[in-house]
Amino acid sequence: MMMSFENVRWDEIWEATKDTLYMLTASLLFTIILGLIMGVVLFLTSRRQLLQQPIVYGVLSFIVNILRSVPFVILMIMIMPITKWITGTSLGVEGSIPPLVVAATPFFARLVETSLREVDRGVIEAAQAMGASKWDIVRRVLLSEARPGLMAAVTITAVTLVSYTAMSGVIGGGGLGDLALRYGYQRFQTDVMLVTVVLLIVLVQLLQMAGDALVSRYSRK
């Protein structure tokens, strides 16, 4: 027997999709900015690097590990007061963005650090021998040489954020996850659940395809 989708209200699906895309875009933007800075600092202050600072690296690494180990749903609840102070609410689309950024930034920072470690040390030493400043080495050598890895890191983080946006529905975060929880799970409307899941799968596939294309493009340069 074919499913009739009689419970699906396409206007609500469309609004939920727009909310998910907004949460994803806003949180990914802040995550890339903050995570890139954090990842670069982690790399530069680690052992045998340009700004070797064991204490700074140890403290920052410890913070990153803590934030990465806390499940996202628990993290959302823990930082509700901070979220409300920043956005004026701890619910809805706006209330979901701060916890999304807090959860994804340390994850992305580790990926950035890993990508930078894959840069040939000989290239860095050659730039130093030519008198390049530390800032020039970071901007023109490290970030340039690590572009394929950084593009892959952005892709992985974006896909992870899609799943996080879905989980934000637990606290009324809006988007497709909230719709799936309220209608698909609590009201046993399987057709609504199916539509939201399919849309999330399509979104992930599109993000992965775009990311793979960027990685392939920069790998050839």
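Conventions we followed
Residues numbered from 1 in each chain as written. Predicted model: local features only at pLDDT ≥ 70, side-chain atom pairs only at ≥ 80, totals over all residues. Heavy atoms only, no water. Helix = DSSP H or I, 4+ residues; strand = E, 2+ residues; numbered from the N terminus. Buried < 20%, exposed > 50% of the residue type's maximum accessible area, 1.4 Å probe, protein only. Contact = heavy atoms within 4.5 Å. Areas by Shrake-Rupley, 256 points an atom, 1.4 Å probe, with all protein chains shown as cover. Lys, Arg positive; Asp, Glu negative; His and termini not counted. Charge placed at Lys NZ, Arg CZ, Asp CG, Glu CD. Patch = residues over 30% accessible without salt bridge, like charges linked within 9 Å, V, L, I, M, F, W, Y side chains within 5 Å. Salt bridge = Lys/Arg side-chain N within 4 Å of Asp/Glu carboxyl O. Phe/Tyr/Trp six-rings, centres within 6.5 Å; stacked < 30°, edge-to-face > 60°. Polar contact = N/O pair within 3.5 Å; in protein donor to acceptor, adjacent residues only side chain to side chain. Core = buried A, V, L, I, M, F, W, Y, C linked by side-chain atoms within 4.5 Å. Axes fitted to C-alpha atoms, helices over the stretch in contact; angles between N-to-C directions. Left-handed = near helix turned anticlockwise from the far one by under 90°. Nonpolar A, V, L, I, M, F, W, Y, C, P; charged D, E, K, R; others polar.

Draft legend 1. Geometry of the overall build of the chain. Scanning the chain from terminus to terminus reveals ten helices and zero strands. Counted from the first residue to the last, the chain has its helices and strands arranged as α-α-α-α-α-α-α-α-α-α. Taken along its principal axes, the extent of the C-alpha atoms in the chain is 70 × 40 × 25 Å. Out of the 221 residues in the chain, the part that is buried amounts to 41%. Sequence-distant contacts, at least 24 apart, represent 75% of the contacts inside the chain between residues at least 6 apart. Surface summary for the chain: the accessible area is close to 12300 Å², and the carbon and sulfur share equals 66%. The averaged location of the 15 negative side-chain charges in the chain is 11 Å from the averaged location of its 18 positive side-chain charges.

Draft legend 2. A nonpolar patch on the surface, seen in detail. Residues Leu29, Phe30, Ile33, Leu34, Ile37, Val41 and Val56 make up a contiguous nonpolar surface patch of roughly 600 Å² in combined accessible area. No other element matches helix H1 (residues 10–44), which puts six residues into the nonpolar patch. With respect to the element layout, isoleucine 33 can be found in helix H1.

Draft legend 3. Here's a closer look at the packing of aromatic side chains. In total, this model carries one aromatic pair according to the counting rule given. Between phenylalanine 72 and tyrosine 164 the ring centres are 4.6 Å apart and the planes differ by 10°, which places this aromatic pair in the stacked class. Of this pair, phenylalanine 72 sits in helix H3 (residues 72–78) while tyrosine 164 sits in helix H8 (residues 147–167), and the two are 92 residues apart along the sequence. Judged on exposure class, the residue phenylalanine 72 and its partner tyrosine 164 are both buried.

Draft legend 4. Quick look at the pattern of salt bridges. Inspection of every chain in the model, using the stated rule, returns five salt bridges. One salt bridge connects glutamate 113 with arginine 110, and the closest N-O pair in it is separated by 2.8 Å. Of the two residues, glutamate 113 and arginine 110 both sit in helix H5 (residues 92–117), three residues apart, roughly one turn of that helix. Beyond isolated ion pairs, a larger network of salt bridges with shared partners links Arg110, Glu113 and Arg117.

Draft legend 5. Molecular detail of the environment of leucine 111. Among the structural elements, leucine 111 can be located in helix H5. By relative accessible area, which is 22% here, leucine 111 ends up partly exposed. Sequence separation between leucine 111 and threonine 83 is 28 residues; the distance between their C-alpha atoms is 25 Å. With residues up to four places along the chain from it excluded, the contact list for leucine 111 reads Ala153, Ile156 and Thr157.

Draft legend 6. Geometry of the side chain of serine 27. You can see serine 27 is positioned in helix H1. One polar contact links the side chain of serine 27 to the main-chain carbonyl oxygen of leucine 24, over a distance of 3.3 Å. Residues contacting serine 27, with those up to four places away along its chain left out, are Ile97, Leu100, Val101 and Leu161.

Draft legend 7. Examining the nonpolar core more closely. Membership of the largest hydrophobic core comes to 26 residues, with the highest contact counts inside it found for Phe72, Leu100, Leu161, Tyr164 and Leu179. Counting only elements with at least two residues in this core, the list comes to H1, H3, H5, H8, helix H9 (175–185) and helix H10 (190–219). Among the elements that take part in this core, H1 stands out by supplying five residues, more than any other.

Draft legend 8. Fine view of the packing of H1 against H10. At their nearest, the axes of H1 and H10 sit 11 Å apart, and the two run at 35° to each other. Between H1 and H10 lies a crossing of right-handed hand. Residue-level inspection shows Trp10, Ile13, Thr17, Thr20, Leu21 and Leu24 of H1 in contact with H10, the latter providing Val195, Thr196, Leu199, Leu203 and Leu207. Here the contact of H1 with H10 is built from residues that sort into eight nonpolar, three polar and no charged.

Draft legend 9. How the structure looks around the side chain of threonine 45. Inspection of the secondary structure assignment puts threonine 45 in the loop between H1 and helix H2 (54–69). For threonine 45, a relative accessible area of 7% corresponds to the buried category. If we ignore the near neighbours within four places in the chain, the residues touching threonine 45 are Leu51, Gln52, Gln53, Pro54, Val56 and Tyr57.

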